Amino acid sequence: MTALHPARTRVAPSPTGDPHVGTAFMALFDKAWAARTGGAFVLRIEDTDQNRLVAGSEQQIHESLAWLGLAPDEGPGIGGEHGPYRQSERLETYRPFVEQLIADGHAYHCWCSSERLGQLRKEQETNKSAKTGYDRLCLGKTREERAQLPGFSETPVVRMLVPDDAPLMFTDVIRGEVKAPFPDDQVILKADGFPTYHLAVVVDDHLMGITTVVRGEEWISSTPKHLLLYRWLGFPEPQYAHMPLLRNPDRSKISKRRNPAARLLWFREQGYLPEAVRNFLQLLGYPPAEDGVEVATFEEFVAGFSWDKVATTGPIFDVKKLDWLNGHYIRSLDAAELTDRIVAFHTERGEWDGSIDRDVLHQAVPLVSERMVLLGDALPKLQFLFTDGVEVADDARASLPDNAAEVLDAGIAVLETVPFDAESIQAGLRAKLVDDMGIKPKFAFGPLRVGLTGAKVSPPLFESMEILGRDMTLARLKALRATL
């Protein structure tokens, strides 16, 4: 097997709101490739668009990646040899490269106002022009010459001068040979002195030693611009891995406006386990290691990772598969760990009731784990265990058979004397109600369930009685009996 060179990968989100699930999707493959090759995974914060920044967003990015087990090796607040890792702290880094591009004839100043550019786009759309984009009005002109023409802005931007032979073909490690559309003269330095994404990403990836650029397929059309910048600046080109876009069931691109699951924080808020979410993201972009074996740890994913196995078509974001995975991971936890996760979930949401006995919860979670999909499912199913009494629901009362009083009397008599463990309780009640009284099991225990829990459906009855204890169990059954 060919030796793998240590790869440096990066994920570079913008802190403009709640982190997008696509950030985690890219980070998963970034971290997997870095781990597979013994390299490093970098987090860079791309915050040059100052108008769109949202307070707290960067912290959410850090916390979400850490929650998923995808924490970077380098980044803001972590450190590393290639910092700073926020673009807003690197502004002086970009200016010399812009000046070099201008001096070499690969870039030029543009004084066109936003109004003129808007009118130009409108005219091109109206005329259905074959060639769109900037018309190079400013190319070759001095500031004074350009100022004599309409649509002049005092503060210029800097644009790339894209040649006719711009590289449109490139090799992608996922897709093979890819052809991208011809680019226009992209702005690389804005009027406020901040670089645009296209310049900053190339300079930063080079200076941070990034060897594999993992990003969504929507960036394929930008790759020729980036390849030009790499070549003009004399930088070695990285590998490109353009991942498929995550899609809604109608095949539209997943977005935070249309799908709440596009918000990375949504999964934590809903009560999904991080290992289940990570496994789900693996399956969205990569086939299972073995046919039919969809549950895999991150370590197992890394061990067999290869770019040529990554999907190229946009995977459908099927939350039903995630629900199944989450249920599986919940059932794989022991009672102590599941209890801790449930408490932490409700505490984070500000919903934890401090009066709940954690020891009782620990005893009870095995009774409901088989039917849990989310961490929030447990307490509603077990609420009857944490109250002094229960209010019998109308539908539960309506379900009581005509002989409910007789059943309760017999059951109470058994429960007053039988050893109070689940096995003995079941044996005693079955002997009396089923064997002696001839009641079918599905009807024999219904009144006891209603009296104990206030509902028609509940966790296993006999184990619930054992947890509640003899006194509380009898008190509830006698309370229901008194109303019949």
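Residues numbered from 1 in each chain as written. Predicted model: local features only at pLDDT ≥ 70, side-chain atom pairs only at ≥ 80, totals over all residues. Heavy atoms only, no water.

(A) Fine view of the UniProt feature "short sequence motif: 'HIGH' region" (unreviewed entry) in the chain. Within this structure's numbering, the places UniProt gives as "short sequence motif: 'HIGH' region" (unreviewed entry) are residues 13-23. Within the segment residues 13-23, helix and strand shares are 27% and 0% respectively, and the terminal C-alpha atoms sit 7 Å apart. (UniProt positions renumbered as here; feature names shortened; annotations may be inferred. Helix = DSSP H or I, 4+ residues; strand = E, 2+ residues; numbered from the N terminus.)

(B) Spotlight on the UniProt feature "domain: Glutamyl/glutaminyl-tRNA synthetase class Ib catalytic" (unreviewed entry) in the chain. In the numbering adopted here, UniProt assigns the feature "domain: Glutamyl/glutaminyl-tRNA synthetase class Ib catalytic" (unreviewed entry) to residues 8-324. Split by type, residues 8-324 is 35% helix and 14% strand. Its first and last C-alpha atoms lie 34 Å apart.

(C) Quick look at the packing of helix α1 (residues 21-37) against helix α9 (residues 274-285). One way to put it is that α1 packs onto α9 with a least axis distance of 10 Å and a crossing angle of 80°. As the angle between them shows, α1 and α9 are arranged roughly perpendicular. Where α1 abuts α9, its residues Val-21, Ala-24, Phe-25, Leu-28 and Phe-29 lie against Arg-278, Leu-281, Gln-282, Leu-284 and Gly-285. Tallied by class, residues from the contact of α1 with α9 come to seven nonpolar, two polar and one charged. (Axes fitted to C-alpha atoms, helices over the stretch in contact; angles between N-to-C directions. Parallel < 35°, antiparallel > 145°, perpendicular 65-115°, else oblique. Contact = heavy atoms within 4.5 Å. Nonpolar A, V, L, I, M, F, W, Y, C, P; charged D, E, K, R; others polar.)

(D) How the structure looks around the sheet that holds strand β3 (residues 107-112). Spatially, the three strands line up as an open sheet ordered β3-β4-β7, and their pairing is antiparallel. Each edge of the open sheet is held by one strand with a lone partner, namely β3 and β7 (187-189). Each neighbouring strand pair of the sheet contributes to a mean axis angle of 55°, computed without reference to strand direction. (Pairing = 2+ DSSP bridges.)

(E) Structural context of the domain arrangement of the chain. Partitioning the chain into domains gives domain 1 (8-85 + 247-309), domain 2 (87-243), domain 3 (333-375) and domain 4 (394-482). Every contact between the two is made by eight residues of domain 1 and, on the other side, seven residues of domain 3. The contact between domain 1 and domain 3 buries some 660 Å² in all, and 50% of this surface belongs to carbon and sulfur atoms. On the domain 1 side of the contact with domain 3, Arg-268, Gly-271 and Leu-273 bury the most area, a combined 53% of that side's loss. (Domains from an automatic or database assignment. Buried area = accessible area lost by both parts, 1.4 Å probe.)

(F) Here's a closer look at the packing of aromatic side chains. One pass over the full model with this rule turns up 20 aromatic pairs. With 6.1 Å between their ring centres and 70° between their planes, Phe-170 and Tyr-240 make a pair best called edge-to-face. Of this pair, Phe-170 sits in strand β5 (residues 169-172) while Tyr-240 sits in strand β9 (residues 239-243), and the two are 70 residues apart along the sequence. Tyr-240 matches Phe-170 in its accessibility class, with the two residues each being buried. Members of the aromatic cluster, connected to one another through ring pairs, are Phe-25, Phe-29, Trp-33, Tyr-286, Phe-298, Phe-301, Phe-305 and Trp-307. Stacked on the ring of Tyr-134, the Lys or Arg Arg-159 has its end atom at 3.9 Å from the ring centre. (Phe/Tyr/Trp six-rings, centres within 6.5 Å; stacked < 30°, edge-to-face > 60°. Buried < 20%, exposed > 50% of the residue type's maximum accessible area, 1.4 Å probe, protein only. Lys NZ or Arg CZ within 6 Å of the ring centre and 35° of its normal.)

(G) Structural context of the nonpolar core. Counting residues in hydrophobic clusters, the biggest one holds 102 residues, and the most contacted among them are Phe-29, Phe-267, Trp-307 and Leu-429. The dominant element in this core, judged by the number of residues it contributes, is α1, at ten residues. Setting aside residues up to four positions removed in sequence, Phe-267 forms contacts with Val-21, Trp-67, Ala-261, Tyr-272, Val-277, Phe-317 and Leu-322. (Core = buried A, V, L, I, M, F, W, Y, C linked by side-chain atoms within 4.5 Å.)

(H) A look at helix α17 (residues 422-436). Compared with an ideal rise of 1.5 Å per residue, which puts 15 residues at 21 Å, α17 spans 20 Å between its outermost C-alpha atoms and is within 8% of the ideal. Approximately 30° is the largest bend angle found in α17, and it occurs at Arg-430. All buried positions along α17 are accounted for by Ala-422, Ile-425, Gly-428, Leu-429, Leu-433 and Val-434. Just past α17, the residue Gly-438 takes up positive phi, approximately 70°. (Expected span 1.5 Å × (residues − 1). Bend = angle between axes of the 7 residues up to and from the residue.)

(I) How the structure looks around the pairing of strand β8 (residues 212-216). Within β8, five of the five residues are buried, leaving the element largely enclosed by the surrounding structure. In terms of strand pairing, β8 meets β9 through five bridges, oriented parallel. Residue pairing in the sheet places Val-214 in a bridge with Ala-241 of β9. Chirality of the crossover, the property in question, places the unit of β8, helix α7 (residues 223-233) and β9 among those that are right-handed. (Right-handed = clockwise from strand over helix to strand, strands pointing away.)

(J) Local environment of the state of the cysteines. Scanning the model with the defined rule gives zero disulfides in all. The thiol of Cys-110 is not disulfide-bonded; the next cysteine sulfur, from Cys-138, is found 3.9 Å away. Overall, Cys-110 belongs to the buried group, its relative accessible area being 1%. Cys-112 takes part in no disulfide bond, and the closest cysteine sulfur to it belongs to Cys-138, at a distance of 3.6 Å. (Disulfide = S-S within 2.5 Å.)

(K) Summary view of the environment of Asp-318. Of note, Asp-318 is situated in the loop between α10 (298-303) and α11 (319-332). Distance in space between the C-alpha atoms of Asp-318 and Leu-139 is 50 Å, their sequence separation being 179 residues. A polar atom in the side chain of Asp-318 sits 3.0 Å from the backbone nitrogen of Lys-320. (Polar contact = N/O pair within 3.5 Å; in protein donor to acceptor, adjacent residues only side chain to side chain.)

(L) Structural view of a negative patch on the surface. Where like charges cluster on the molecular surface, the negative patch consists of Glu-290, Asp-291, Glu-299 and Glu-300. Within the element layout of this structure, Glu-299 appears in helix α10. Judged by relative accessible area, Glu-299 falls into the exposed class, the value being 56%. (Patch = residues over 30% accessible without salt bridge, like charges linked within 9 Å, V, L, I, M, F, W, Y side chains within 5 Å. Areas by Shrake-Rupley, 256 points an atom, 1.4 Å probe, with all protein chains shown as cover. Salt bridge = Lys/Arg side-chain N within 4 Å of Asp/Glu carboxyl O. Lys, Arg positive; Asp, Glu negative; His and termini not counted. Charge placed at Lys NZ, Arg CZ, Asp CG, Glu CD.)

(M) Spatial organisation of the pattern of salt bridges. Per the counting criterion, the structure on display carries 25 salt bridges. In this structure, Arg-263 engages Asp-18 in a salt bridge whose closest nitrogen and oxygen atoms are separated by 2.6 Å. Of this pair, Arg-263 sits in the loop between β9 and α8 (264-270) while Asp-18 sits in the loop between β1 (8-11) and α1, and the two are 245 residues apart along the sequence. On the basis of relative accessible area, Asp-18 is assigned to the partly exposed category, the value being 25%. One salt bridge in this structure joins Asp-340 and Arg-358, with 2.6 Å as the shortest N-O distance. Taken as a pair, Asp-340 in helix α12 (residues 335-348) and Arg-358 in helix α13 (residues 358-368) lie far apart in primary sequence, 18 residues in all.

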